[in-house]
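Structural overview
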Amino acid sequence: MATKQKDIVNLDALIPRDDVETKKPKASKGVIQVTELALGKHFYGLLRKPLFQRETNDWGVDNVVSLVRSFRNGHLIPAVILWSADGSTFVIDGAHRLSVFVAWVNDDYGDGLISQAFFKHQIPKSQRDAAARCRMLIKAEGLEYAELQKLTLLSNRSP
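Position numbers for residues start from 1 in each chain and track the written sequence from start to end. Residues qualify for local features only when their pLDDT is at least 70, as the model is predicted, and side-chain atom pairs are given and counted only at 80 or more; totals for whole chains, interfaces and linings, by contrast, use all residues. Working from all heavy atoms in the structure, the side-chain values ignore hydrogens and water.

Here we take up helix H3 (residues 95–106). Runs of E in the DSSP output that reach at least two residues are strands. Runs of H or I that reach at least four are helices, and both are numbered from the N terminus. Multiplying one less than the number of residues by 1.5 Å gives the expected span of a helix. Counted at 1.5 Å a residue, the expected span for H3 with its 12 residues is 16 Å, and the 16 Å between its end C-alpha atoms agrees. When you tally the buried positions in H3, you get 11 out of 12 residues, the bulk of the element. Immediately downstream of H3, the backbone of Asp107 shows phi near 50°, a positive value. Note on exposure labels: buried denotes an accessible area under 20% of the residue type's maximum, exposed denotes more than 50%, and partly exposed covers the range between, all computed with a 1.4 Å probe on protein chains only.

Residues Val9, Leu37, Leu47, Val64, Trp104 and Tyr109 are the most contacted members of the largest nonpolar core, which totals 34 residues. Elements represented by at least two residues in this core include exactly helix H1 (42–46), helix H2 (61–72), H3, helix H5 (125–140) and helix H6 (145–151). No other element matches the 8 residues that H3 contributes to this core. Buried Ala, Val, Leu, Ile, Met, Phe, Trp, Tyr and Cys residues that are joined via side-chain atoms within 4.5 Å together make up what is termed a nonpolar core.

Let us now look at the packing of H2 against H5. Packing of H2 against H5 brings their axes to within 9 Å, and their N-to-C directions diverge by 30°. By the criterion of interaxial angle, the relationship of H2 to H5 is roughly parallel. The hand of the H2/H5 crossing is right-handed. Seen from H2, the contacting residues are Val61, Asp62, Val64, Val65 and Val68; seen from H5, they are Ala130, Arg133, Cys134, Leu137 and Ile138. Each residue is assigned to one class: nonpolar for Ala, Val, Leu, Ile, Met, Phe, Trp, Tyr, Cys and Pro, charged for Asp, Glu, Lys and Arg, and polar for all the others, Gly among them. Within the contact of H2 with H5, the residues separate by chemical class into 8 nonpolar, no polar and 2 charged. All axes are obtained by fitting lines to C-alpha atoms, using only the stretch in contact for helices, and the reported angles, taken between N-to-C directions, cover 0 to 180 degrees. In these notes the angle categories are as follows: under 35 degrees is roughly parallel, over 145 is roughly antiparallel, 65 to 115 is roughly perpendicular, and the rest is oblique. Left-handed describes a crossing whose near helix is turned anticlockwise from the far helix by less than a right angle; the clockwise case is right-handed. Every residue pair with non-hydrogen atoms within 4.5 Å of one another is taken to be in contact.

Another point: the packing of aromatic side chains. Within a pair of aromatic rings, the relevant descriptors are the distance that separates the centres and the angle that separates the planes. The pairing test for Phe, Tyr and Trp rings, Trp by its six-membered ring, is centres within 6.5 Å, and the orientation test on the planes gives stacked under 30 degrees, edge-to-face over 60, and tilted for anything in between. Inspection of the entire model under this criterion finds 5 aromatic pairs. With a centroid separation of 5.0 Å and 75° between ring planes, the pair formed by Trp104 and Tyr145 is classed as edge-to-face. Of this pair, Trp104 sits in helix H3 while Tyr145 sits in helix H6, placing them 41 residues apart in sequence. Since its relative accessible area comes to 11%, Tyr145 is described here as buried. Here the aromatic rings of Phe118 and Phe119 are separated by 4.8 Å at their centres, their planes lie at 90°, and the arrangement is edge-to-face.

Here it is, written out as structure tokens:
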């Protein structure tokens, strides 16, 4: 009997790795604005995963969509633990959660511009399929980040 393969969303490309042990600590702010996770934003450019952190390729499409939905609906999202040192901000705990928000803001669920550069345009079909399914479900639920951003530009927007 054949078993169905779980659609895994590979978000490992979204936060670069670095060696936390060679860095000197620095105080940092306690809140991350989701807008700061966009490619080209200062905060996103500082994010790093410590070398000891596991790869962020363990969540299925349903986990990714569920977290975005929870955020959009104002539900509690568990804390992400960050450590700032020598101009980098290391994700000590919560790399999957933070990667989902990076994916959402940048529309890169493992097949976008950031992932293409990381994987040198060698993205497996299963990864592209999972990303497409993720994007389709996000769109079907009206959760696309770009569409929500457009709403903030309306002068008569509602809550």
